[in-house]
Amino acid sequence: MKLRVKCYRNGMRLRMILMLFNVGFLVGCAGTFKYYDANLPHHGKTGFLNNYDNSPKPSVLKWYWQRWTTSFPEDDPAGAPTIPVDLQALQNPEGLMLTWLGHSAMLVQMDGMNVLTDPALSDRVSPVSFAGPKRYGKLPLQIEQLPALDVVIISHGHYDHLDLPSLKKIYDQNGGRTQFLVPLGNKVLLESEGIKNVREFDWWQGTQVGALNFTFTPAQHWTARSLFDRNLTLWGGWMVKGSHQVFFAGDTGYSKDFQDIYQRLGAVDVALIPIGAYSPRWFMQLQHIDAGEAVQIHKDLHAKLSLPVHWGTFKLSDEPMNEPPEKLREALQKANLPLSVFPVMKRGETRIVK
Ligand code: ZN
Ligand code: ZN
């Protein structure tokens, strides 16, 4: 197998930028946090906190060094297998329809409403155009080909989830009618780009839009978009309730949050759960689940069906790009669950749930 040293693949410039970012994280956050609230444990003095584990993040410099000095197998540049989207089906949805557009972007069509999760549909997800994670494979459709979107839900501010160029195109695509539901602290960012109809939410807050009810839920993660904004905006997932209950986990490590979500909001018909960006575990465990934990979340939520997201599109971690589905199959077998409860989708594929 052809090997290559990863630091050359990603480029020195990106590495320098990321290191500067982390220096920035250390020196940022001076003064009292705008959302600090002694009555809300996740509203800390210097930023938002997780409910269950706020251990210090492992050394990112150690991880960079490890990557720098390790050879990795070459990834297939196609990433996740891709098929063309059935555009006609999207215009005439039946039942609950879910179409995976790659990474964490899932088009959810339910009760006459079109909802899109974390549309990072650009070729690169990064603060700069010349570096940062680049798309593997092609987008299965263009934004202009999407049905008119009623709601976009955003899980958190990381660039592979909150992609401003995609959001601006979507805003124009539906003539400014799309509602954007974002975690606390992100509204100002979207509005600064001319996007209107933005509402922001704390954990367990929500709203009704048309036939659907949306609730923002906790997750075990963090966020930052610049040198000085670590955890100054919130992160989480979304429960979408209509004729079916659909849960979108966003990015998360494993925590008791998912048992809490089941206790408060009930069983899930379809859960969209991340399965990629888990390696190395010593670094990623606090922020990204692995396949075994994804299966545990499926169980915690009492989900009838789970669909994997957050894999095969942007390289964010050390595991091979197309390894997550294999690990998911192994984890399902280990848990004595049929593969059909957590089936791997192709990018562009549509699933219909009656
Ligand atoms: Zn993230
Ligand atoms: Zn992510």
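Rules used in this analysis
- Residues numbered from 1 in each chain as written.
- Chains lettered and ligands numbered in written order.
- Predicted model: local features only at pLDDT ≥ 70, side-chain atom pairs only at ≥ 80, totals over all residues.
- Heavy atoms only, no water.
- Helix = DSSP H or I, 4+ residues; strand = E, 2+ residues; numbered from the N terminus.
- Polar contact = N/O pair within 3.5 Å; in protein donor to acceptor, adjacent residues only side chain to side chain.
- Contact = heavy atoms within 4.5 Å.
- Donors = N, O, S within 2.8 Å, 3.2 Å for Na, K, Ca; no water.
- Tetrahedral: all angles 85-135°; square planar, octahedral: opposite > 155°, others 65-115°.
- Buried < 20%, exposed > 50% of the residue type's maximum accessible area, 1.4 Å probe, protein only.
- Salt bridge = Lys/Arg side-chain N within 4 Å of Asp/Glu carboxyl O.

### Focus: the side chain of Asp 269
Locating Asp 269 in the fold gives a position in the loop between helix 7 (257-265) and strand 13 (270-274). A polar side-chain atom of Asp 269 sits 2.7 Å from the main-chain amide nitrogen of Gln 245. If near-sequence neighbours (up to four positions away) are discounted, Asp 269 is found in contact with His 244, Gln 245, Lys 304 and Leu 305.

### Here's the deal with the coordination of the zinc ion (ligand 1)
Every protein donor of the zinc ion (ligand 1) is listed here as His 156 (NE2), His 158 (ND1), His 221 (NE2) and Asp 251 (OD), and their distances to the metal cover 2.1 to 2.3 Å. Here the zinc ion (ligand 1) is ringed by four donor atoms whose angles at the metal span 92 to 162 degrees, and the overall shape comes out irregular. Summarised as a motif, the one-chain spacing of the donors to the zinc ion (ligand 1) is H-x1-H-x62-H-x29-D. In this structure the zinc ion (ligand 2) is found 3.7 Å away from the zinc ion (ligand 1), and Asp 251 serves as a bridging donor for the pair. On the criterion of sequence distance, the pair formed by His 158 in the loop between strand 6 (151-153) and helix 5 (164-173) and Asp 251 in the loop between strand 12 (245-248) and helix 7 is long-range, its members being 93 residues apart. Take His 158: its relative accessible area is 11%, and that puts it in the buried class.

### Quick word on the pattern of salt bridges
Overall, the coordinates contain eleven salt bridges when judged by the stated rule. The partner of Asp 75 in a salt bridge is Lys 315, with the nearest N and O atoms 2.8 Å apart. Taken together, the residues Asp 75 in the loop between strand 2 (71-73) and helix 4 (87-91) and Lys 315 in the loop between strand 14 (305-309) and helix 10 (324-334) connect sequence positions 240 residues apart. Here Asp 75 and Lys 315 have matching classes, each one buried. For Asp 290, the salt bridge identified is with Arg 281, shortest N-O distance 3.6 Å. What you see here is one network of salt bridges that share partners, running through Arg 281, Asp 290 and Glu 293.

### Quick notes on the coordination of the zinc ion (ligand 2)
Tetrahedral coordination by four donors sets the ideal angle at the metal to 109.5 degrees; octahedral coordination by six donors sets it to 90 or 180 degrees. At 2.1 to 2.2 Å from the zinc ion (ligand 2) lie its protein donor atoms, namely Asp 160 (OD), His 161 (NE2), Asp 251 (OD) and His 310 (NE2). Note that the zinc ion (ligand 2) binds four donor atoms; their angles at the metal cover 86 to 156 degrees, and the shape is irregular. All donors of the zinc ion (ligand 2) come from a single chain, and their spacing in sequence reads D-H-x89-D-x58-H.

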